[in-house]
Amino acid sequence: MRKRLFSFLLVLFSFPMFASSILIPMDAEGQKNHLKAYGITYWVLSKQQKVQWLLNYRGGSFLLPDGENIRKECQIRGVSFEILSDGQAQGILDEISSPSKNQEAVILEKAPKVAVYSPKGNQPWDDAVTMVLTYAEIPYETVYDEEVLDDKLALFDWLHLHHEDFTGQYGKFYGAYRAAPWYIEQKQQAEALAAKLGFNKVSEEKRAVALKIRKYVIGGGFMFAMCSATDSFDIALAADEVDICEPMFDGDPSDANYQSKLNFTKTFAFQDFLLERSPLQYEFSSIDMTTKRGNVSKESDYFSLMDFSAKWDPVPTMLCQNHTALVKGFMGQTTAFERTSVKPTVMVLGENKINGEARYIHGIKGKGFFTFYGGHDPEDYQHRVGDPKTELQLHPTSPGYRLILNNVLFPAAQKKKQKT
C-alpha cells in the first residue's frame, strides 16, 4: 500500500500543476518581441476569448487563457510567454488589486476592427502604423475619402489617419518639390478625386472629410493620428468655411485676414495657433515644434511618458504602457506640439519639458477618443522623402512603436473600466 502511495505521489509531483493561464510578459527582461506580443493578444481576442491587460505589471503584461494553440502561436511568432497555474495567476491578480499598488487588471473583450485612412497607392512602409500593424500581424482595412464621405467609418472601431494634409495645401511641399513628377502627379490625382466627389477644390473636399471624421469620433469612434495628420486635421476644422489656401494650391486668393476667422472651438486638441502663410515654408502653423527645437541632437532627443493612477485613470495608463518611461524622439513634418497650443482639456501623455514639447496627447470628444502622436517613424529619426523603409524585425522591442499598438488595443477594453 505504501509503495502504491509513493508511486502516486511521485507521478503527481513529477508534472507541473494544471496550467490555467499564459502570461505574456512585457518588461524589458522578459519579452524578446514586444510588437508581436500585441499581435498575439489581438489574435486571441479575435477567437472570442477575453484577455486581461495587467497595467503597470511587468511593463503592461497580458494574461491569456491557456491553450495549446496559443502556446504554439507564441512559439511560431517568437513571443516570450510563461505558463501559470491557477494559484500563480490568482496571486498576480491579488497583488495587482492591492490598494498599495499602482496597477490594475483591465479586461479586453473583443478585437477592434481597424481602418487606416490612406491613399490607395501608398505602400505599407510609407506609414509607421501600417508597418507595425503588418509586422504585428494585426489585420486592417484601408479607407480613403470616398469611404469616409459615404459614412463607411461606422463599420470600424479604430481609425488611423495616415500622414495626410487636411488643409488642401498638398503637404506644404510646394517650396521644395513643386517641379517633382511625384508632386505634380499627386496634385492632379487629388484634384481629380475632389471633382469626382462633387467639390470645386481639394481644400473643400478635405475639409468635408475632416468633418466626417470629427462626427465619427463624437459618435463614439477611436481616432489615432501621427505627424502632419494631427495639426492639419485641427487646422481644417478651425478653418471651416474659411479659405486659407493661396492661389498655387486652389487657384484663387485666400480670404483676407483669415487668421482672425479661425474657430478654435471646433478643434480637437489645439487652440490659439498661428498659421504659416508662406507657401514656400514646409510648415502649417505654430503648433509644430520642428523649427523651434534649437540644437537638439539625435543622441539627446528623448521624451518621457507620464505616470498615471492605474486604478483611477486606466485610459491614459493603458496608452502609456511600456518597458521604459523614456522614449527616443523622432522627427517628422510635425515633430512635436507646442505646449501652449494644447487645450487644457487634453491630456499630455508624453513630453519633453526642456523643449516645452508635448509629443503624445490624448483627449475625449463627445462619446469618442483621439490620440495625437508627433513624428513620422519611431525608428527612423529624420525620415526624408525617398528614404528606405524601416525593417521592424530589427526593432522588435521598440518603445516608440509600442505606443502605437497600445492605441490599437485600447478600444478592446471593457467600457466600464474607462473612467477618464
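Before reading further, recall that the structure is shown in the block above.
Below you will find a few notes about this structure.

Take the pairing of strand β15 (residues 368–373) next. Of all six residues making up β15, six are buried, and the element is well covered by its neighbours. Burial of β15 is two-sided: the residues Gly368, Phe370 and Phe372 facing one way and the residues Phe369, Thr371 and Tyr373 facing the other way are all buried. Both strand β9 (residues 222–226) and β15 contribute to a ladder of five bridges, which runs parallel. Looking at the pairing, Met223 lines up with Phe370 of β15. Taken together, the six bridges between strand β14 (residues 357–365) and β15 define a ladder with antiparallel strand orientation. From the neighbouring strand, Gly363 faces β15, where its bridge partner is Phe370. Counting the residues that bridge the hairpin from β14 to β15 gives two residues, and of these Gly366 lies at a positive phi of roughly 65 degrees.

By the secondary structure assignment, Arg214 is in helix α9 (residues 202–218). With a relative accessible area of 21%, Arg214 lands in the partly exposed category. Among residues more than four places away in sequence, those in contact with Arg214 are Phe233, Leu237, Thr265, Lys266, Phe268 and Lys365.

The next point concerns helix α2 (residues 34–46). Between its first and last C-alpha, α2 extends 19 Å over 13 residues, near the 18 Å set by a 1.5 Å rise per residue. Restricting attention to buried positions, one finds in α2 the residues His34, Leu35, Lys36, Ala37, Tyr38, Gly39, Ile40, Thr41, Tyr42, Trp43, Val44 and Leu45. One or two residues past the end of α2 sits Gln48, with phi positive at roughly 60 degrees.

Here the focus is the environment of Gly374. With respect to the secondary-structure elements, Gly374 resides in the loop between β15 and α13 (399–409). As for Gly374 and Ala229, which are separated by 145 residues in sequence, their C-alpha atoms are 9.4 Å apart. Sequence-distant contacts of Gly374, defined by excluding residues within four places in its chain, comprise Phe330, Thr334, Thr335, Phe337 and Arg359.

A few words now on unusual backbone geometry. Phi is positive for Cys227, which is not a glycine, with a value near 55 degrees. In this fold, Cys227 is placed in the loop between β9 and α10 (228–238). Residue classification places Cys227 among the buried residues on the basis of a relative accessible area of 3%. One non-glycine residue, Asp272, lies in positive phi territory at about 55 degrees. Mapped onto the fold, Asp272 is located in the loop between α11 (247–250) and β10 (302–305). Given a relative accessible area of 55%, Asp272 falls into the exposed group.

On to the pattern of salt bridges. Enumeration according to the criterion identifies 26 salt bridges in this entry. In this structure, Glu82 engages Arg58 in a salt bridge whose closest nitrogen and oxygen atoms are separated by 3.1 Å. Here Glu82 is found in strand β4 (residues 82–85), whereas its partner Arg58 is found in the loop between β2 (51–55) and β3 (61–65), with 24 residues between them in sequence. The partner of Glu146 in a salt bridge is Lys196, with the nearest N and O atoms 3.1 Å apart. Separated by 50 residues along the polypeptide, Glu146 in helix α6 (residues 145–149) and Lys196 in helix α8 (residues 181–196) bring together distant segments of the chain. Owing to a relative accessible area of 59%, Lys196 belongs among the exposed residues under this scheme. Several salt bridges share partner residues, and in doing so they unite Lys36, Glu73, Arg77 and Glu137 into one network.

About the cut-offs
Residues numbered from 1 in each chain as written. Predicted model: local features only at pLDDT ≥ 70, side-chain atom pairs only at ≥ 80, totals over all residues. Heavy atoms only, no water. Buried < 20%, exposed > 50% of the residue type's maximum accessible area, 1.4 Å probe, protein only. Helix = DSSP H or I, 4+ residues; strand = E, 2+ residues; numbered from the N terminus. Pairing = 2+ DSSP bridges. Contact = heavy atoms within 4.5 Å. Expected span 1.5 Å × (residues − 1). Salt bridge = Lys/Arg side-chain N within 4 Å of Asp/Glu carboxyl O.

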